[in-house]
Amino acid sequence: MLLRHTPSEVKEREALVVNPAKTCQPIGAMYAALGIHGCLPHSHGSQGCCAYHRSTLTRHYKEPIMASTSSFTEGASVFGGQANLVEAINNIFTIYNPDVIAVHTTCLSETIGDDVPQIVSKAKDDGKIPDGKYVIHTSTPSYVGSHVTGFANMTKSMVNYFSESSGTEKDQLNIIPGWVEPSDMREIKRMTGMMGIKTVLFPDTSDVLDTPQTGKHHLFPKGGVTIPELRSTGDSRATIALGQFASGPAAEALDAKCKVPCQVLDLPIGLMATDRFVDALRKTAGVSVPDAITDERGRLVDLITDMHQYFYRKRVALFGDPDQLIAMTEFLVSLDMLPVHIVTGTPGQRFEQRIREILKHDVPQVNVRAAGDSFLLHQWIKSEPVDLLIGNTYGKYIARDEDIPFVRFGFPILDRVGHSLFPSVGYVGAMRLIEKFLYAFQDRQDRDALEEKFELVM
Ligand code: SF4
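Residues numbered from 1 in each chain as written. Predicted model: local features only at pLDDT ≥ 70, side-chain atom pairs only at ≥ 80, totals over all residues. Heavy atoms only, no water.

Looking at an unreviewed UniProt entry, one finds the chain named Nitrogenase molybdenum-iron protein beta chain and attributed to Hydrogenispora ethanolica. UniProt, in its Sequence similarities (unreviewed entry) section for the chain, records the words "Belongs to the NifD/NifK/NifE/NifN family." Of the chain, the UniProt comment under Subunit (unreviewed entry) reads exactly: "Tetramer of two alpha and two beta chains. Forms complex with the iron protein (nitrogenase component 2)." (UniProt positions renumbered as here; feature names shortened; annotations may be inferred.)

**Observations regarding the domain arrangement of the chain**
Split into domains, the chain comes out as domain 1 (25-162), domain 2 (170-290) and domain 3 (295-452). For domain 1 versus domain 3, the separation of C-alpha centres amounts to 34 Å. Residue-level contacts link twelve residues of domain 1 with 14 residues of domain 3. Buried surface at the junction of domain 1 and domain 3, summed over both partners, amounts to about 960 Å²; 66% is from carbon and sulfur atoms. At the boundary of domain 1 and domain 3, one finds six residue pairs in polar contact (both at pLDDT 80 or more). Secondary structure elements with two or more residues in the side of domain 1 that touches domain 3: helix 2 (47-61) and helix 7 (147-162). The element contributing the most residues to the side of domain 1 that touches domain 3 is helix 2, with five residues. (Domains from an automatic or database assignment. Contact = heavy atoms within 4.5 Å. Buried area = accessible area lost by both parts, 1.4 Å probe. Polar contact = N/O pair within 3.5 Å; in protein donor to acceptor, adjacent residues only side chain to side chain. Helix = DSSP H or I, 4+ residues; strand = E, 2+ residues; numbered from the N terminus.)

**Overview of the environment of V425**
By secondary structure assignment, the location of V425 is in the loop between strand 13 (406-408) and helix 17 (426-448). On the accessibility criterion, V425 (1% relative accessible area) is buried. Residues V425 and E187, spaced 238 residues apart in sequence, show a C-alpha to C-alpha distance of 7.2 Å. (Buried < 20%, exposed > 50% of the residue type's maximum accessible area, 1.4 Å probe, protein only.)

**What to know about the sheet that holds strand 10 (residues 338-344)**
Strand order across the open sheet formed by five strands is 11-10-9-12-13, with parallel pairing between neighbours. Two strands lie at the open edges of the sheet, namely strand 11 (367-369) and strand 13, each paired on one side alone. Direction aside, neighbouring strands of the sheet carry axes that sit 20° apart on average. As paired strands, strand 12 (residues 388-391) and strand 13 are joined by three bridges and run parallel to one another. Residue L389 lies in a different strand from strand 13, and its bridge partner there is F406. Of the strands in this sheet, strand 10 and strand 11 touch helix 14 (residues 349-359), which is tilted by about 155° from strand 11. (Pairing = 2+ DSSP bridges. Axes fitted to C-alpha atoms, helices over the stretch in contact; angles between N-to-C directions.)

**Brief notes about unusual backbone geometry**
Trans is the common state for peptide bonds, and a negative phi is the common state for residues other than glycine. In this model, F202 is joined to P203 through a cis peptide bond whose omega is -10°. You can see P203 is positioned in the loop between strand 6 (199-201) and helix 9 (227-232). One non-glycine residue, N97, lies in the positive phi region at around 55°. Positionally, N97 belongs in the loop between helix 4 (82-95) and strand 3 (100-105).

**Describing the environment of R4**
Residue placement: R4 occurs in the segment before helix 1 (25-33). Accessibility expressed as a relative area gives 55% for R4, which makes it exposed. For the pair R4 and I398, spaced 394 residues apart in the sequence, the C-alpha separation amounts to 8.8 Å.

**Notes on the sheet that holds strand 4 (residues 134-138)**
In spatial order, the strands read 2-1-3-4; together these four strands make up an open sheet with parallel pairing. Each edge of the sheet is formed by a strand with only one pairing partner; in this case those strands are strand 2 (68-69) and strand 4. The sheet contact formed by strand 3 and strand 4 spans five bridges and is parallel. In the strand pairing of strand 4, V100 is matched with Y134.

**Structural notes on the site of the ligand**
Neighbouring the ligand are C24, P26, C49, Y52, H53, T106, C107 and S142. If one sorts the elements of the shell around the ligand by residue count, helix 2 sits on top with three residues. Looking at the shell around the ligand, its residues break down into five nonpolar, three polar and no charged. (Near = heavy atom within 4 Å. Nonpolar A, V, L, I, M, F, W, Y, C, P; charged D, E, K, R; others polar.)

**Focus: the pattern of salt bridges**
Per the counting criterion, the structure on display carries 28 salt bridges. A salt bridge links D448 to R447; its shortest N-O distance comes to 2.9 Å. D448 sits in the partly exposed class, given a relative accessible area of 43%. Because the salt bridges share partners, they merge into one network encompassing D266, R276, E330 and R354. (Salt bridge = Lys/Arg side-chain N within 4 Å of Asp/Glu carboxyl O.)

Structural data, given as structure tokens:
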């Protein structure tokens, strides 16, 4: 899908979205559900929706995504999906025996108006849910929100269904990592482990979507937050939620339900956001920061100092998920780059306010849009060119059309590997991002340099 015919003149559109910078809600709900140990995500709708959600996740994570579907046909579309879901619950527990079935709705079942809690309760009354097994649900109509909303809704449902307060506080912190990669979740656990902090991370897709090749397939891999751990979140000392859009609703629900105080921070992407994360961990858990983490920070600062010349005043366009864009924008500014065009497909006025706040001194005239599309981003780039494009795989069409260096970041990344294996969060993740930015600029410089300016050492 080449985009050579995108016009540069921007005309406000209300009724048409072209190349949306988002995917649909159930994809996020499915991803979050995979972060519960022994969970089978279940799509209450047609097979086509489920096939799309599974294939998008499979292509991004390079792992088979297990999920079931209510398999709506014309009958269910007219008369409702109760019979399909009750039968599905029975089949799933009989054949696959998960600990939890996490049901999310689709556009179709939402439009019909299926009452999923009532259907689950009927399945329970009919003896279709074995003792010690669970069916949770979340509502994910895809004509509102985005995959980020779906992730947030399913994570909040984990709190609604499982979190309990026994009245006795546990010496542990909840961390809601937001929509990040399995590698990022592993990195967050590594950092908290280095600080000696006991945590419950939920959801947790490490060791679920980055499993080693052993020659054996496990329908339910060893990773994921367990049900006892989820129950205990109501007794934790505090919650640190990373990313307002993906993690804020669950953290606030846990505070309201079990009185666990929460702080909602930015995703720890880049130097300053990681500093705030480490400081929040330090204060909340009452520990000190070990030298090993301070050294990681020092190596990042050294790299920034050494390579600053390549970043200075470089103009960047970026698109993707709001939590990731907020953190990335701040990181780019800290490198003295200029994020000039920013688009997310996820709706939310707070996004635009936050971006303008971050950029008020460096790029006061920033083009920023929530619930925007890639077509608009392309128009902005045509009018005011940039030196670098950052976004998911769909950005390759704009990058090719405009001949712009391109760094893949966000979801989905369908045509590269590494994102699920190497972190972007923390000081180590920031170094990896810097490496990617540098290679994009230096490869371009090598490619375009005149013969007399072609340097061995740049
Ligand atoms: S119909 Fe709705 S839920 Fe299904 S794939 Fe399309 S947007 Fe997603």
